Amino acid sequence: MADRVTVIGWDGSPLTEAARGALGAATLVAGAAHHLALPEVPPSAERIRLGSVALAARRIAAHRGTAVVLADGDPAFFGVVRTLRAPEFGLEVEVVPAVSSVAAAFARAGMPWDDAQVVVAHKRTLRRAVNVCRAHTKVAVLTAPGAGPAELGLLLDGVHRTFVICEELGTEREQVTVVTSDKAADHTWRDPNVVIVIGGRAGAGEGGGWIAGRDPAAGPRGWTQPAASYASHGGPLGEGETDLLRAAQLARLGPRVGDLVWDIGCGSGAFATEAARGGAAVIAVDRDPESCARTEATARRFGVQLQVVQGNAPHILENLPEPDVVRVGGGGAAVVSAVADRRPQRIVAHASNRDAAELVGRDLTEHGYQVECALLQSVELDTRAWTERERSVAFLLFGVLPDRAP
């Protein structure tokens, strides 16, 4: 096992005295090509071109001597330190950090970043990273080959964002370019790069926030808001938008950061807005232009990002990106069937009577979903006289696909 492993962050600045000392004593040095070309790397040291960190860690673990790993930015922030500290390698690691590439990117852009989300995009996580960019106003994306600015721009089709693309930070070839998301695919970008994705309403105010990233306490308290919160802006809610039904649908779907939610038959936008308040990306669909306008107004009022698409389901759904969870608020069994064909992990729908509920439930079962159905009944009382004010009844259907990760 290596006697000592030092991980040194590099941001293009001169190395610190501690970093130079560790590097000068190294008998093995691992890093990218531009790291191994640094003049401080001892000529006699064994050199490992860093590709797979796990493979490098095995070689370091078998090395007798002093090892140094060079990495861009802060190696403890979405970096190599996590892999090197894995129990199977048994390595004791010391870290000499540098400015992270995310901090450097925002510095080049002259922007604060305490209100930014930070995500890593590679081929397995690209879709989820894009969903975060859909849902949030300021996102830093640490990219990878095959999951860079061009791919981000293509997958953000229909959503306008501004990209600040920072290529090869800290090197002589460093370049910062500002383009709109729809133009990003027209260029070839050099790796490594960081993409700052900006769009929608501003984040934290001039005084700043109290927590990094998205403020979980922003907006009114409560997973769902009373119908009056929405009815006062555009008329009453539809029969499928009652407080109890919305709360049950949210509880079953559990939308979260990185998810894409479809809300089909969005009506007033109450459910779509509440899903977006949880941090998920939302596409709200309705055939009625007034409902679409009302949904956009509701989202603005509650300060959330969502995309509104006008059109008739199920045909309008064909070109939408892959959903994680779906609420079917209108369209019946035909729309539920079309949604199930896209294989989201969870689907909720409702029906006004048992026959309609059975039809939807059978279709979900035939598509391989495990189905639950519950009769929800709520009675609103006027607490001044404790008399019944309003009664609502609905069958809630919930389907979960067991072969998809939750």
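Right above here is the structure, for reference.
K.L.:
How should I be thinking about the nonpolar core in this particular structure?
P.N.:
Among soluble globular proteins, nonpolar side chains are generally buried collectively. Ranked by internal contacts, the top residues of the largest apolar core, which has 26 residues, are Trp-262, Ile-264, Leu-317, Val-328 and Val-339. For this core, the elements supplying multiple residues, two or more each, are β11 (260–264), β12 (281–286), β14 (325–328), α12 (332–341), β15 (346–351), α13 (354–366) and β17 (387–400). In terms of residue count, the dominant contributor to this core is α12 (four residues). Aside from chain neighbours lying at most four places away, what touches Val-328 is Ile-264, Val-335, Val-336, Val-339, Ile-347, Val-348, Ala-349 and His-350.

K.L.:
Please clarify how the environment of Pro-323 should be interpreted in this entry.
P.N.:
Counting through the fold element by element, Pro-323 comes out in the loop between β13 (307–310) and β14. A relative accessible area of 0% places Pro-323 in the buried class. Separated by 124 residues in the primary sequence, Pro-323 and Gly-199 place their C-alpha atoms 22 Å from one another. The contacts of Pro-323, once residues within four sequence positions are left out, are Leu-260, Trp-262, Arg-342, Pro-344 and Arg-404.

K.L.:
What's the story with the layout of surface pockets in this structure? I'm lost.
P.N.:
Gaps between atoms show up when a probe of the same size as a water molecule is rolled over them. Approximately 1,300 Å³ is the volume attributed to the largest pocket. Together, 42 residues line the largest pocket, and Asp-72, Phe-78, Gly-79, Thr-143 and Pro-192 are the ones closest to its centre. Mapped by element, the contributors of at least two residues to the lining of the largest pocket are α2 (33–36), β4 (66–72), α4 (81–84), α5 (101–109) and β10 (193–198). Per-element accounting of the lining of the largest pocket gives the leading share, four residues, to α5. In terms of residue class, the lining of the largest pocket is built from 22 nonpolar, 12 polar and eight charged.

K.L.:
In this structure, what is going on with the side chain of Glu-168? I would like to understand it.
P.N.:
Within the secondary structure, Glu-168 sits in the loop between β8 (162–167) and β9 (175–180). Beyond its immediate sequence surroundings of up to four residues, Glu-168 is in contact with Arg-173, Glu-174, Arg-190, Asp-191 and Pro-192.

K.L.:
Sorry if this is basic, but what is going on with the sheet that holds β8 here?
P.N.:
Backbone-to-backbone hydrogen bonds join strands into a sheet, with any given pair of strands oriented parallel or antiparallel. Spatially, β6-β7-β10-β8-β9 is the arrangement adopted by the five strands of the open sheet, whose pairing is mixed. Looking at strand neighbours, the two that pair on one side only are β6 (117–120) and β9, the edges of this open sheet. Across this sheet, the average inter-strand angle for adjacent strands is 20°, counted without regard to direction. Sheet topology places β6 next to strand β7 (residues 138–142); four bridges connect them, and they run parallel. From the neighbouring strand, Val-120 faces β7, where its bridge partner is Leu-142. The strands touched by helix α6 (residues 126–135) are β6, β7 and β10; relative to β6, the strand with the most contacts, the crossing angle is about 160°.

K.L.:
Would you explain the pairing of β13 in this entry?
P.N.:
Successive residues of a regular strand alternate their side chains across the two faces of the sheet. As judged from the four bridges shared by β12 and β13, these two strands associate in the parallel manner. For Asp-286, the partnering residue across the bridge sits in β13 and is Gln-310.

K.L.:
Can you help me understand the pattern of salt bridges in this one?
P.N.:
Where side chains of opposite charge bring their charged atoms close, a pairing between them can arise. Going through the model one piece at a time under the given rule, you end up with 19 salt bridges. One salt bridge connects Asp-115 with Lys-138, and the closest N-O pair in it is separated by 3.0 Å. One end of the pair, Asp-115, is in the loop between α5 and β6; the other, Lys-138, is in strand β7, and 23 residues separate them in sequence. The exposure class of Lys-138 is buried, given its relative accessible area of 10%. Put simply, Glu-322 and Arg-127 hold a salt bridge, and the shortest N to O gap is 3.9 Å. Placement of Glu-322 in the loop between β13 and β14 and of Arg-127 in helix α6 is noted, with a sequence separation of 195 residues between them.

K.L.:
Sorry if this is basic, but what is going on with the side chain of Ser-268 here?
P.N.:
Locating Ser-268 in the fold gives a position in the loop between β11 and α10 (270–277). Beyond its immediate chain neighbours, meaning those up to four positions away, Ser-268 contacts Tyr-230, Leu-237, Glu-241, Arg-294, Thr-295 and Thr-298.

K.L.:
Looking at this structure, how should I read the sheet that holds strand β2 (residues 28–31)?
P.N.:
Spatially, the five strands line up as an open sheet ordered β3-β2-β4-β1-β5, and their pairing is parallel. Strand pairing shows two members of the sheet lacking a second neighbour, β3 (46–49) and β5 (93–96), which therefore form its edges. Taking each pair of neighbouring strands and ignoring which way they run, the sheet shows an average axis angle of 20°. The pairing of β2 with β3 spans four bridges and is classified as parallel. Bridged to Gly-31 within β3 is Arg-49.

K.L.:
Any chance you could explain a nonpolar patch on the surface here in plain terms?
P.N.:
Side chains of Phe-77, Phe-78 and Trp-113 sit close together on the surface and give an oily, nonpolar patch of about 290 Å² of accessible area. Structurally, Trp-113 can be placed in the loop between α5 and β6.

K.L.:
Where do I start with α5 in this structure?
P.N.:
Think of an α-helix as turning once every 3.6 residues; residues three or four places apart then point the same way. Taken as a whole, α5 has its buried residues at Val-102, Ala-104, Ala-105 and Phe-106. As for α5, its buried residues are in contact with β6, β7, β8 and β10. Taken from the residues just after α5, Gly-110 is the one with a positive phi, measuring 70°.

K.L.:
For this particular structure, what's the right way to read the environment of Leu-169?
P.N.:
Structurally, Leu-169 can be placed in the loop between β8 and β9. Residue Leu-169 is classed as buried on the basis of its relative accessible area, which comes to 16%. Counting along the chain gives 136 residues from Leu-169 to Ala-33, while the straight-line C-alpha distance between them is 15 Å. Apart from residues lying up to four places away in sequence, Leu-169 is in contact with Ser-101, Ala-104, Ala-105, Arg-108, Glu-174 and Val-194.

K.L.:
Where do I start with the packing of aromatic side chains in this structure?
P.N.:
The geometry of an aromatic ring pair is captured by two quantities: the separation of the ring centres and the angle between the planes. Per the stated rule, a full pass over the model turns up three aromatic pairs. Considering the side-chain rings of Phe-77 and Phe-78, the 5.1 Å spacing of their centres and the 70° angle between planes classify their relative orientation as edge-to-face. Using a relative accessible area of 54% as the deciding quantity, one classes Phe-78 as exposed. Their ring planes at 35° and their centres at 5.4 Å tell us that Tyr-230 and Phe-302 sit as a pair that is tilted. With a gap of 72 residues between them, Tyr-230 in helix α8 (residues 227–231) and Phe-302 in helix α11 (residues 289–302) connect regions that are remote in the sequence. By relative accessible area, Tyr-230 is classed as buried at 1%. Exposure remark for Phe-302: the relative accessible area of 15% places this residue in the buried category.

Basis of the calculations
Residues numbered from 1 in each chain as written. Predicted model: local features only at pLDDT ≥ 70, side-chain atom pairs only at ≥ 80, totals over all residues. Heavy atoms only, no water. Core = buried A, V, L, I, M, F, W, Y, C linked by side-chain atoms within 4.5 Å. Buried < 20%, exposed > 50% of the residue type's maximum accessible area, 1.4 Å probe, protein only. Helix = DSSP H or I, 4+ residues; strand = E, 2+ residues; numbered from the N terminus. Contact = heavy atoms within 4.5 Å. 1 Å grid on protein atoms, 1.4 Å probe; cavity = no way out; pocket = protein on both sides within 12 Å on 5 of 7 lines; lining within 4 Å. Points joined across faces, edges and corners; volume = space filled by probe spheres on them. Nonpolar A, V, L, I, M, F, W, Y, C, P; charged D, E, K, R; others polar. Pairing = 2+ DSSP bridges. Axes fitted to C-alpha atoms, helices over the stretch in contact; angles between N-to-C directions. Salt bridge = Lys/Arg side-chain N within 4 Å of Asp/Glu carboxyl O. Patch = residues over 30% accessible without salt bridge, like charges linked within 9 Å, V, L, I, M, F, W, Y side chains within 5 Å. Areas by Shrake-Rupley, 256 points an atom, 1.4 Å probe, with all protein chains shown as cover. Phe/Tyr/Trp six-rings, centres within 6.5 Å; stacked < 30°, edge-to-face > 60°.

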